[in-house]
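Understanding the architecture of this molecule
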Amino acid sequence: MSLFKPSHVFANLPDTASEMNKMNAFANDENKITEAKIDNRVIQVSSVGVVTLPPDRCRLTIRVTSTKENVADVKESTTRRLDYIIQTLHNHSVKDSDIQISKSMRRSDSMYQMDVEVTALFIDLHKCQNVSNLLVEKLDPTVTVCLPEFFHSSVTLQNLRHQASLLAIHNAKQKAQEMARFVNQSVGRPISIKEQENKEWQGTEESAEEFLTPRTLQQKLNDASVTVSSKISISFELKPKVKKSGPDAVKS
């Protein structure tokens, strides 16, 4: 989802009172968000591009705990459940390279306890939820299925930053063209492009108290959404409009 933000414009136009009055009127129509000043034939525009994207990755953690009087029994108990978990992940197209397994065993008095943790990475958030629900339904309380963790891949984040910058440039050029047409000018080549500010944040602007309550799955998904804001300043040449000659000529 893309959000369009106001642009700030600094225009350098021919020094005539009539054109300056036009520019001031245009600025007033823009609710004071546009500024113009006269100097050389250059228009400088500052604009913001904002893009938001939900997470495209999901991490599911499953923990298996078993306590028995001897080592063989505790291993058999955890292995049986672990095999079912791995098979379920494979059935939902999760590759072995996206599955991590860690095992630990400890002894307390005459009992042995074995803990197994399985972490699976999903690129399909719907499949992640299906696996989570299935394991909760089919396995006993010795298996704990944690709520999915949502996040973005590094490639996705990089593309998101790029999109925000391109959107800011698009907004700036569009605003410059609008201003130039209003005073019968056209926008030439860009002279300079500078990123003035770049911001990133997750989720929505909620108070800290709201995060003290347990989060639902949908709330966790919304919390993991990332928004990137890029503010760009661009200077363009200003050129007089060229009149066409011949029968198709258009009066400026």
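Residues numbered from 1 in each chain as written. Predicted model: local features only at pLDDT ≥ 70, side-chain atom pairs only at ≥ 80, totals over all residues. Heavy atoms only, no water.

In the annotation of an unreviewed UniProt entry, the entry for the protein reads Interleukin-1 receptor-associated kinase 1-binding protein 1, and the organism field reads Magallana gigas. Recorded in UniProt under Sequence similarities (unreviewed entry), the annotation for the protein is "Belongs to the IRAK1BP1 family." (UniProt positions renumbered as here; feature names shortened; annotations may be inferred.)

1. Examining the side chain of Ser165
Considering the arrangement of structural elements, one finds Ser165 in helix α4 (residues 154–182). Engagement of the side chain of Ser165 in a polar contact is seen with the side chain of Glu195, the distance being 3.5 Å. Those residues in contact with Ser165, other than ones at most four positions away along the chain, are Glu195, Ser230 and Ile232. (Helix = DSSP H or I, 4+ residues; strand = E, 2+ residues; numbered from the N terminus. Polar contact = N/O pair within 3.5 Å; in protein donor to acceptor, adjacent residues only side chain to side chain. Contact = heavy atoms within 4.5 Å.)

2. Quick notes on unusual backbone geometry
For Ser93, which is not glycine, the phi dihedral falls at a positive 70 degrees. Relative to the assigned elements, Ser93 resides in the loop between α2 (71–91) and β5 (99–108). Owing to a relative accessible area of 55%, Ser93 belongs among the exposed residues under this scheme. You will see that Asp109, though not glycine, has its phi angle at about 60 degrees, which is positive. Inspection of the secondary structure puts Asp109 in the loop between β5 and β6 (111–122). (Buried < 20%, exposed > 50% of the residue type's maximum accessible area, 1.4 Å probe, protein only.)

3. Points about the packing of α2 against helix α3 (residues 125–138)
Taken N-terminus to C-terminus, the directions of α2 and α3 make an angle of 150 degrees; their axes are 11 Å apart at the nearest point. In terms of orientation, α2 and α3 fall into the roughly antiparallel class. With respect to the hand of their crossing, α2 and α3 are arranged in right-handed fashion. Residues Tyr84, Ile85, Thr88 and Leu89 of α2 form the contact with α3, whose participating residues are Val131, Leu134, Leu135 and Lys138. (Axes fitted to C-alpha atoms, helices over the stretch in contact; angles between N-to-C directions. Parallel < 35°, antiparallel > 145°, perpendicular 65-115°, else oblique. Left-handed = near helix turned anticlockwise from the far one by under 90°.)

4. Observations concerning the nonpolar core
Formed by 27 residues in total, the largest nonpolar core has its most connected members in Ile62, Ile85, Leu89, Val118 and Phe122. Counting residues per element, the ones that place at least two in this core are β4 (57–68), α2, β6, α3 and β7 (143–145). Among the elements that take part in this core, β6 stands out by supplying 6 residues, more than any other. If near-sequence neighbours (up to four positions away) are discounted, Phe122 is found in contact with Asp56, Arg57, Cys58, Leu60, Leu89, Val94, Lys127, Cys128 and Val131. Ranked by size, the runner-up nonpolar core spans 11 residues in total, among them Val45, Ala172, Ile232 and Ile234. (Core = buried A, V, L, I, M, F, W, Y, C linked by side-chain atoms within 4.5 Å.)

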